[in-house]
Every structure is written in C-alpha cells, then in structure tokens.
Amino acid sequence: MTQSCIHYIIIFMEKLIECVPNFSEGRDMGVIAALRRAAEGISGVALLDYSSDPDHNRSVFTLLGSPDGVSEAAFRLCRVARDNIDMTRHSGAHPRMGAADVIPFIPIRGSTMDECVEVSRRVAGLIANELGIPCFLYGESCTREERRDLASVRRGGFEGMPHKLLQEEWAPDFGGRAIHPTAGVTAVGARKPLVAFNVNLGTPDVRAAKSIAKAIRGSSGGFAHCKAIGVKLESRGATQVSMNMVDCDSTPLHTVYEAICEHAARLGVPVTGSEIIGLAPADALIDCAKHFLKLGDFDRDRQVLESRILEL
C-alpha cells in the first residue's frame, strides 16, 4: 500500500497520536534509509516527514497513527537505531544521550494526554526489557518532577550517563543502572505539540549564538516557553540559535525571531534565515503571517484554502 493510501485511511481513524522520535544520526544515509524503511512498513501509521542534519548529527521523524500503530513504530525504529548507531563514535552539535535519543507522544485527535502517557510507559518498558536500553520518562509521563524537563534528564550526555545512572535520584524508570554500551539511554514521554525552530547567523563565531540563546531561553530569564542553545554549523561556516518552542500560543515564533534579530544587531551579526525542523501547527505559522503582513481581521477557518477543503 502506498503512503498516500495510508494517509487517506488514517484521516478516518477515531484516535490519532503523533510520535516524533529523534535519532543520533544525521550523516550516514544508509542508517537513515533503514530508519525510513522501518517507519514506512507499519500498518496504521503514516510517516509524515523526516529530516536530517549533519552538523547536529541528528534525524527527526514525524509519525501519525493509532495508539497501537505508533507504539509499534516507535519500538521498531528504536531497534533499528540500537543495531545501527554506535554512540561511542558519535559527535555532533546537538545534546544527546542515546541512539534513539528521545521519543515523545502527542495527542492529536480523539486521544488524550493520559492516553499518550500510557503509550509512553508501555513503549519505554518494551525498549528496556526487549532491547536492553534503560529509559527515563519525561514530560507529562515523568514520575518525578525533576524529570519533567528533557534537558534535565539528558544533562551529562552519553558520556556522563554511566555515572549519572548510579546516582540514587537518577535510577532509570525502566531498565538497569548501566547504559546500553552502544545505544546509551532513551527518554520517552508525552507532551503537547512544539515547534523546532532554528535561526541562522552569518558568523562562524559560536559565542554570538550562545549569547543570544542565553538571552532568550526561559531558564535564563528569557521567554518562558523557549528552550535554546547556540551551536556551530561546521558544514555551513555559520552558527545557529537552535530552539524548541514548547507553547507557541503563549510565545509566538515571530516574537522570538524579532528578539533574536535585535540581539544579533547589537552584536553586529547578520541573521541569514530561519528553519523549522519537522512539522509545525498551522496556527503557529498563520500567526507569523498575520504579524509580518499586518493582516487585519484574518479568519483562519474562512480564509485558509486548506481549512475550507477539509470542511468538505
């Protein structure tokens, strides 16, 4: 069955869950192709998007389907990652602690956050028991408040995990207290939709990107719903403010983009563009259009072609 047929069938499913697994591989096209094949071969699941970046050395897949379907897809992809990604040889700009680094589940239609929490716990148990990879639960699935934030869970990275897992407060939620020797540790959880949003700077000096990231991220007193790091893009001779926007209703993309432009101007650094990794909710992009085009009385449901078509 073709992916277009699968997409058509999925439209009529009563319960839809999104899964956005992140893998610590963005350079080896053979491994990325193996992950794609695994994602495309599961009944009741559509691979909506995937993207890879060699500087971050990371790939992000976006899956949509039934709770059982996305559970199976997440497990199969994690198995492919375990068998093909060696974290002892991994390097990249993005923080990471495992081959299948993070696996979030997001309620989309007819599903609830509680159902996604249940799915995440079931999948984490399978990964630990059948693949031998310790798992932490994060986000809405967390069992301890200090594990809610993914950055806190991942702090220390792959190299620091052997010691971290032995600390009393950092026993994995599933699995033993030793990392998988090549696949590391995986974080599995449930969360609301977010936008992976990056802004590129026309300088090879990463200090500017790190300075701006510190100024705008919530943990440093910036925007409450913005997580940001500054990274170097070796292949492009540039740098980047790499962000997760976890609530675009409260903190719109255009607000953060304009703040970055202001900080960059003060540092004498040009902003050369931005990018969205994976998929983004339509409202987040429409808010940007309304702001920059100064659209008055714009009605998303009435004036967006695709919205009207879906009504039919």
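What counts, and at which threshold
Residues numbered from 1 in each chain as written. Predicted model: local features only at pLDDT ≥ 70, side-chain atom pairs only at ≥ 80, totals over all residues. Heavy atoms only, no water. Helix = DSSP H or I, 4+ residues; strand = E, 2+ residues; numbered from the N terminus. Salt bridge = Lys/Arg side-chain N within 4 Å of Asp/Glu carboxyl O. Buried < 20%, exposed > 50% of the residue type's maximum accessible area, 1.4 Å probe, protein only. 1 Å grid on protein atoms, 1.4 Å probe; cavity = no way out; pocket = protein on both sides within 12 Å on 5 of 7 lines; lining within 4 Å. Points joined across faces, edges and corners; volume = space filled by probe spheres on them. Nonpolar A, V, L, I, M, F, W, Y, C, P; charged D, E, K, R; others polar. Pairing = 2+ DSSP bridges. Axes fitted to C-alpha atoms, helices over the stretch in contact; angles between N-to-C directions. Polar contact = N/O pair within 3.5 Å; in protein donor to acceptor, adjacent residues only side chain to side chain. Contact = heavy atoms within 4.5 Å. Core = buried A, V, L, I, M, F, W, Y, C linked by side-chain atoms within 4.5 Å.

This brings us to the environment of Arg37. When you line up the elements, Arg37 lands in helix H2 (residues 29-40). Put simply, Arg37 and Trp170 are 133 residues apart on the chain and 34 Å apart in space, counted from C-alpha to C-alpha.

What follows deals with the pattern of salt bridges. Using the criterion set out here, one finds 19 salt bridges in the structure. The salt bridge partner of Asp68 is Arg122, with a shortest N-O separation of 3.9 Å. Taken together, the positions of Asp68 in helix H3 (residues 67-84) and Arg122 in helix H4 (residues 113-131) put the pair 54 residues apart, joining distant regions of the chain. The exposure class of Asp68 is exposed, given its relative accessible area of 60%. A relative accessible area of 35% places Arg122 in the partly exposed class.

Rolled over the atoms, a probe as big as a water molecule pinpoints where empty space is left. In this structure, the second largest pocket encloses a volume near 180 Å³. Considering the residues around the second largest pocket, the lining is formed by Lys192, Pro193, Leu194, Val195, Met245, Val246, Asp247, Cys248, Asp249, Pro281, Asp283 and Ala284. Tallied by class, the residues present in the lining of the second largest pocket amount to 8 nonpolar, no polar and 4 charged.

Spatially, 4 strands are ordered E9-E10-E8-E11 in an open sheet, and the strand pairing comes out antiparallel. Because the sheet does not close on itself, it has two edges, and the strands there are strand E9 (226-233) and strand E11 (271-277). Adjacent strand axes in the sheet meet at a mean angle of 20° when their direction is disregarded. Here E9 pairs with strand E10 (residues 238-245) via 8 bridges, running antiparallel.

Looking now at the side chain of Asp101. Structurally, Asp101 can be placed in strand E5 (residues 100-109). Reaching out from Asp101, the side chain makes a polar contact with the side chain of Arg58 at a distance of 2.9 Å. Polar contacts involving the side chain of Asp101 include one to the side chain of Arg154, which spans 2.5 Å. Ignoring any residue separated from it by four or fewer positions in sequence, one finds Asp101 in contact with Asn22, Ser24, Arg58, Pro95, Arg96, Arg154, Val185, Thr186 and Ala187.

On to the nonpolar core, then. In a soluble, globular protein the nonpolar side chains are often hidden away together inside. Judged by nonpolar contacts, the single largest core of 53 residues is most densely connected at Phe23, Leu35, Leu63, Ile103, Phe105, Ile127 and Phe136. Broken down by element, the residue count for this core peaks at 8 residues, all from H3. Grouped together as the second largest cluster of nonpolar side chains are 22 residues, Val199, Leu201, Met243 and Ile260 included.

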